[in-house]
Amino acid sequence: MIAGGPLFGPHAPGESTCQTRDGVQRCEHTGNFFGVGANLELRARRRPSSSTPAAR
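How each quantity is defined
- Residues numbered from 1 in each chain as written.
- Predicted model: local features only at pLDDT ≥ 70, side-chain atom pairs only at ≥ 80, totals over all residues.
- Heavy atoms only, no water.
- Helix = DSSP H or I, 4+ residues; strand = E, 2+ residues; numbered from the N terminus.
- Buried < 20%, exposed > 50% of the residue type's maximum accessible area, 1.4 Å probe, protein only.
- Contact = heavy atoms within 4.5 Å.
- Areas by Shrake-Rupley, 256 points an atom, 1.4 Å probe, with all protein chains shown as cover.
- Pairing = 2+ DSSP bridges.
- Patch = residues over 30% accessible without salt bridge, like charges linked within 9 Å, V, L, I, M, F, W, Y side chains within 5 Å.
- Salt bridge = Lys/Arg side-chain N within 4 Å of Asp/Glu carboxyl O.

### Some thoughts on the overall build of the chain
Right, on to step 1. Helix and strand counts for the chain come out as zero helices and four strands.
Right, on to step 2. Listing every helix and strand of the chain by position from the N terminus yields β-β-β-β.
Right, on to step 3. Of all 56 residues assigned to the chain, the portion counted as buried reaches 4%.
Right, on to step 4. Counting contacts in the chain only where the partners sit at least 6 residues apart, residues at least 24 apart contribute 57% of the total.
Right, on to step 5. Carbon and sulfur atoms make up 54% of the accessible area of the chain, which totals about 5,900 Å².

Shown next as structure tokens:
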């Protein structure tokens, strides 16, 4: 079976830049973005064994 679909939405924040001045640490988060993409899956299904006799 093959399945696929679109993806879109906000992604995790990017890198943060931190600086320490006079014993105080300040961090600035940069790199937030909105993303668009797609996914594709390939799934295999196992067939039942033919050694089991069919019920009549």
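### What to know about the environment of His29
Right, on to step 1. Mapped onto the secondary structure, His29 falls in strand β3 (residues 24-29).
Right, on to step 2. Between the C-alpha atoms of His29 and Cys18, which are 11 residues apart in sequence, the distance is 8.6 Å.

### Concerning the pairing of β3
Each regular strand shows side chains that alternate between the opposite faces of the sheet.
Right, on to step 1. Within β3, only zero of the six residues are buried, leaving the element largely exposed.
Right, on to step 2. Here strand β2 (residues 16-21) hands over to β3 after two residues, with Asp22 in that stretch at a positive phi of 50 degrees.

### Overview of a nonpolar patch on the surface
Right, on to step 1. A surface patch of nonpolar side chains, about 410 Å² in accessible area, is lined by Ile2, Leu40 and Leu42.
Right, on to step 2. Looking at where Leu40 falls in the secondary structure, it is placed in strand β4 (residues 34-42).

### What to know about the environment of Glu28
Right, on to step 1. Residue placement: Glu28 occurs in strand β3.
Right, on to step 2. Since its relative accessible area comes to 52%, Glu28 is described here as exposed.
Right, on to step 3. Along the primary structure Glu28 and Ser16 are separated by 12 residues, whereas in three dimensions their C-alpha atoms are 5.4 Å apart.

### Quick word on unusual backbone geometry
Right, on to step 1. Positive phi values are uncommon outside glycine, yet Asp22 reaches one of about 50 degrees.
Right, on to step 2. Within the secondary structure, Asp22 sits in the loop between β2 and β3.
Right, on to step 3. Residue classification places Asp22 among the exposed residues on the basis of a relative accessible area of 81%.

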